[in-house]
Amino acid sequence: MNQENSGGAYLVIQRGDTLGKRVELWKERTSIGRSRDCDIFLEDIAVHRKQASIFRMISGYILRDDNGSGDSFVNGQAVTEQMLSSGDQLRFGATQITFYANEGTRPFQLPSSRGRELLRARTPDPHSTIIARLYPVDGRSGMRSFELLPDMTIGRSRECDIFLEDLAVSRHHATLRELPGGSYELIDNRSATGTFVNGRSVARQELHEGDVIQIGSNSFTFRFVHS
């Protein structure tokens, strides 16, 4: 199969050694595991060599556990076979991955198609999707950018969606939440050192294009981008 279907569903790795990597699901079967022969190679001893597969069907995408050990998870539940919905959280070993369905794979709805009202002045591209991202300021945090999900936590706990290894950051420091209109708000979770937007301490703040968020020694710029 050629890659002309690369505009279909895709995965974004949210936690693991390849944080932020996007993988297009353009094949009929995409294999996941610790074997380098797999389409998605996970260098994790907790993952089996042939851990799981994602099948592209007429009705949508199905995750199938290939090992039979119950080590493939969708939204925290061990599965042997599961029809995927956009926004589902997949976990294999220590690697957490988010599944996104493209507009062309209805009846799924892509939750990251958001914020179009903030870009009214631009001519829309019918083949693109607008997503929100956080970009490290000047690369000082040593991180890649983060694609935002409808609800994400930020903090020093490794359970957070955005993990910041910084003693000035509380374990569950802040939350990013998508609003009904497609924009985002940042909520400080009563952190010890505070959450700042454009240099001002905030308890709850709706974010706008170009806003700079500071949490501990980490600064990020909030932007809407086409994908």
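Residues numbered from 1 in each chain as written. Predicted model: local features only at pLDDT ≥ 70, side-chain atom pairs only at ≥ 80, totals over all residues. Heavy atoms only, no water.

*Asks:* So what's going on with the pairing of strand 14 (residues 151–155)? Which residues, and what values?
*Replies:* In the sheet, strand 14 pairs with strand 16 (residues 174–178) via four bridges, with the strands oriented antiparallel. Directly across from Thr-153, in strand 16, lies its bridge partner Thr-175. Sheet analysis places strand 14 next to strand 15 (residues 162–163), joined by two bridges and oriented parallel. What sits directly across from Gly-155, in strand 15, is Phe-163. (Pairing = 2+ DSSP bridges. Helix = DSSP H or I, 4+ residues; strand = E, 2+ residues; numbered from the N terminus.)

*Asks:* Please set out the environment of Ile-13 residue by residue, giving values where relevant.
*Replies:* Turning to its location among the elements, Ile-13 is positioned in strand 1 (residues 10–15). Using a relative accessible area of 2% as the deciding quantity, one classes Ile-13 as buried. A C-alpha to C-alpha distance of 9.9 Å links Ile-13 and Phe-146, two positions 133 residues apart in sequence. (Buried < 20%, exposed > 50% of the residue type's maximum accessible area, 1.4 Å probe, protein only.)

*Asks:* Go over the pairing of strand 11 (residues 95–100), please, and point to the residues and values.
*Replies:* Summarising burial for strand 11: six of the six residues are buried, a large majority. Across the two faces of strand 11 the burial is the same, with Thr-95, Ile-97 and Phe-99 and Gln-96, Thr-98 and Tyr-100 all buried. Two strands pair when backbone bridges link them, and strand 10 (residues 89–92) and strand 11 are joined in this way by four bridges, in the antiparallel orientation. When the sheet's bridge partners are listed, Gln-89 is paired in strand 11 with Thr-98. Counting the residues that bridge the hairpin from strand 10 to strand 11 gives two residues, and of these Gly-93 lies at a positive phi of roughly 60 degrees.

*Asks:* Explain the packing of aromatic side chains residue by residue, including any values.
*Replies:* Evaluated as defined, the whole model comprises five aromatic pairs. Seen from their ring centres, Tyr-61 and Phe-99 are 5.7 Å apart, and the 55 degrees between their planes marks the pair as tilted. Note that Tyr-61 is positioned in strand 6 (residues 60–65) and Phe-99 in strand 11, a separation of 38 residues in sequence. By the burial criterion, Tyr-61 is buried, and Phe-99 matches it. Pairing Phe-146 with Phe-220 gives two aromatic rings, centres 6.2 Å apart and planes at 70 degrees, and the pair type is edge-to-face. (Phe/Tyr/Trp six-rings, centres within 6.5 Å; stacked < 30°, edge-to-face > 60°.)

*Asks:* So what about the pattern of salt bridges? Which residues, and what values?
*Replies:* Under the criterion given, the structure shown has eight salt bridges. Residue Glu-28 pairs with Arg-56 through a salt bridge whose shortest N-O separation is 3.6 Å. Taken together, the residues span a long stretch of sequence, with Glu-28 in the loop between strand 2 (22–24) and strand 3 (29–33) and Arg-56 in strand 5 (residues 52–57) at a distance of 28 residues. Residue Glu-28 is classed as partly exposed on the basis of its relative accessible area of 44%. Residue class for Arg-56 comes out partly exposed when judged on its relative accessible area of 22%. (Salt bridge = Lys/Arg side-chain N within 4 Å of Asp/Glu carboxyl O.)

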